[in-house]
Amino acid sequence: MSAIIETENLTKIYHVDGREIRAVDGLNLTVYEGELFGYLGPNGSGKTTTILMLLGLISPTSGGGRVAGFDIIRESKAVRSVTGFIPEKFSFYEDLPAYDNLAYFAKLNGIVKNEIDDRIKWALNIVELSDWINAPVKTFSRGMRQRLALANILIKKPKIIFLDEPTAGLDPYATANFRSLIKRLNEEFNITIFLSSHMLHEVRQICNRIGFLNKGRLVAVDTIEGFMEKMGIKIILEATNLSDKLIKLIEALDDVNRVFKSNGELIIYAREDVRLDISKIVTSLGEHVLTLKIEPPTLEEVFFLVYGGEGR
Amino acid sequence: MSLLTVALKEFSDHVTSRRFLILFILLSILTVLSAFSSASRVASGFSITFSDVLTSGSLSIIYLIGQLGPLIGIALGFDSISKEMESGSILLLLSCPIYRDTILNGKILSGLLTILLTLGTSITLLTGFILAQPGIAPTIEELIRLLIYFVFAVIYILAYMALSLLTSIITKKTSMSLLISISTWIFFTYLIHTIASSIASLLPETDIEGRIRVLTMISLLSPYRHYNTFSRNIISPKFSIDPFSIFPRKSPFKPLTLMESLALSWPNLIIILSLLIIFLAASYIKFLKEEVR
């Protein structure tokens, strides 16, 4: 796969009330063509700033990058001609019908006049809004507006779609609908999706690869399977007494990465299956093993491991 | 192409907006009233020319445009950028492959078209009524003078539109932008004369010349004063108001030729034009450097 988004030490510093805020700090990121990339991070971690820089809507303080082969600083107009963007907060022109809104943006996207009508109908059909073509946008629900925004982007047949918290504020049905639409666009039209979200479950459901962002820094990038592998084996221990001494002895085992108590259980992450050693330690302390099992780690656990249990 | 797309959409928004329609209808009605008032003066036996009709009376076109023009300009500009920012449509616009100045150019062009439409309608209505009712036909020179006034009035209204465009970009809040624009207009059109009088009254009563100088200097800060001086001088050859004084020139009365009127009043034109350029330049600089977040 070839890279479609590449950044090199991309940095954005804001000065607010005399303070220096590093919204994005030395970002080195590669997203490949056809990927559904999840850009995960707590609120204020620099996700939106990254997207705005990639689209050339704000200038980086230092560093740079390329999107679809175009330089994000010198060729930002070309970047925007092959990309689509749905911001977290956006609005169409409420009094205008869906068709007029799409036609307006289609013209601004340089679509030739005699193609506009066909493309609008095609895009509205994909997002299942054909019946609403002449309805004013003010009559649309939030979910419908999101789909209309997707249609607005599809009209220009983009290579990449940037989505910033696309399902925030949507009801469960609209959320599921929108996610399946995104997956469809990725699979059917091979459009690269760059999905920014703070919702782990959302990213887990649809993305192939995930980048974790914290305080402007990219702290980890991998596939979901890759993250699971890095987490190692998750062992759950229930015993008659989970004493501090027991925890220290388990932690001292060579293959153990991390041990912590949770809801009366001991959670152990290890590189190898160390259940036999654990069992021996419990018995040596005169206690009894109640449960000793292996469970696959969840992405939530990866998330908490990456962020040390807290966001910004 | 993109410029025209933005301009036509904005123009359509302007002419269908309630606030514009109210101002447009108000100006048209007042223009008709102005024409009727001049008709009644002719009927009363006054001998007046076409330019007299335009410059005299409490409802002259100069007065009407001077008062309502800034409001039209402000109405066209105060939410042009802030509304897009508040609603979030600005990000959809900016994510299109267009340069930022295209958006601003489109909005300014649409404002210009709307002003041309409004002012054009008003002056056509007035001319039509004056031709029909009192039956006074303009001379060629009067028509040229009216045309020059028309261009100047467009610049005057555009300057206020540019001011409110700037406040719209700086404040990013529609309500704040409107408040600042209206306050600026009220201050420089009405309050400044009261302030000038108050300051002048601080000088000794015997220093009449000093008082007049203070009064004149402060009132020169008012765009309305420059508008009024230029408009009267250019529309009517009978006016010869000094561009930097509150009194007519001391030379004996003699109607001025068009070139003499222009030579007399060009500083007022330059001042209004400078205001327009300053506000537009500041708007471009601020908007192009604005980091949308």
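In this numbering scheme, every chain counts its residues from 1 along its sequence in written order. The naming scheme follows written order: chains are lettered A onward, ligands numbered 1 onward. Residue-level local features of this predicted model are given only where pLDDT is at least 70; pairs of side-chain atoms are given and counted only at 80 or more, and the full residue set underlies all totals for whole chains, interfaces and linings.

Quick look at the overall build of chain A now. Secondary structure follows DSSP: runs of H or I at least 4 residues long count as helices, runs of E at least 2 residues long count as strands, and numbering of each begins at the N terminus. The number of helices and strands found in chain A is eleven helices and 15 strands. Based on the C-alpha atoms only, the size of chain A along its principal axes is roughly 80 × 45 × 40 Å. For chain A, the proportion of its 312 residues judged to be buried stands at 39%. When contacts within chain A are restricted to residue pairs at least 6 apart in sequence, long-range pairs at least 24 apart make up 70% of them. Put plainly, a residue is buried at 20 or more neighbouring C-beta atoms within 10 Å of its own, exposed at 12 or fewer, and partly exposed in between, counting only other residues' C-beta atoms, which are placed from the backbone. It is the C-beta atoms, placed from the backbone, that decide contacts: two residues are in contact if theirs lie within 7 Å.

Glancing now at the nonpolar core. For soluble globular proteins, the rule of thumb is that nonpolar side chains tend to be buried together. One nonpolar core equals one set of buried Ala, Val, Leu, Ile, Met, Phe, Trp, Tyr and Cys residues connected by C-beta atoms within 7 Å. Of all hydrophobic cores here, the largest spans 69 residues; its most connected members are Ala151(A), Phe162(A), Ile193(A), Phe194(A) and Leu195(A). For this core, the element with the highest residue contribution is helix 3 (residues 98-108) of chain A, accounting for seven residues. Ranked by size, the runner-up nonpolar core spans 54 residues in total, among them Ile115(B), Leu119(B), Leu158(B) and Phe287(B).

A separate point is the environment of Phe194(A). For Phe194(A), the position within the fold is in strand 9 (residues 192-197). In sequence terms Phe194(A) and Ile51(A) are 143 residues apart; their C-alpha atoms lie 8.8 Å from each other.

A few words on the pairing of strand 14 (residues 265-270) of chain A. All names here are of chain A. Burial along strand 14 is one-sided: Leu266, Ile268 and Ala270 are buried, while Glu265, Ile267 and Tyr269, pointing the other way, are not. Direction of pairing for strand 12 (residues 233-239) relative to strand 14: antiparallel, over a ladder of five bridges. Pairing of isoleucine 235 across the sheet is with isoleucine 268, part of strand 14. By the convention used here, strands pair only if DSSP detects at least 2 bridges between them. Between strand 13 (residues 256-262) and strand 14, which pair antiparallel and follow one another directly, the connecting turn spans two residues, one of which, asparagine 263, has a positive phi of 50°.

Right, let's get into the confidence of the model for chain B. Residue and element names in this part refer to chain B. One number per residue, pLDDT, summarises how confident the predictor is, and it ranges from 0 to 100. On average, residues of chain B score 87 in pLDDT, and 94% of them are at 70 or above. Mean pLDDT across the elements of chain B ranges from a minimum in helix 3 (residues 50-55), with 78, to a maximum in helix 8 (residues 140-171), with 94. As scored by the predictor, the complex reaches a pTM of 0.83 and an ipTM of 0.84.

This brings us to the sheet that holds strand 12 of chain A. Residues and elements named next belong to chain A. Read across the sheet, four strands follow the order 13-14-12-15 without closing on themselves; strand pairing throughout is antiparallel. Of all the strands in the sheet, just strand 13 and strand 15 (289-295) have a single pairing partner and so form its edges. Going across the sheet, the axis of each strand differs from the next one's by a mean of 20°, ignoring polarity. Only the contacting stretch of a helix is used when fitting its axis, a line to C-alpha atoms as for every element, and angles between N-to-C directions run 0 to 180 degrees. Helix 9 (residues 244-251) rests against strand 13 and strand 14 of the sheet, and its axis sits at about 160° to strand 13. Contacts between helix 10 (residues 275-284) and the sheet are confined to strand 12, strand 14 and strand 15, with strand 15 contributing the most and set at about 160° to the helix.

Further remarks concern helix 1 (residues 47-54) of chain A. Every α-helix carries 3.6 residues per turn, so stepping three or four residues along brings you back to the same face. Residues and elements named next belong to chain A. Most of helix 1 is tucked away, with eight of its eight residues classed as buried. Listing the buried residues of helix 1 in full gives Lys47, Thr48, Thr49, Thr50, Ile51, Leu52, Met53 and Leu54. Positive backbone phi, at 75°, marks glycine 56, one or two positions downstream of helix 1.

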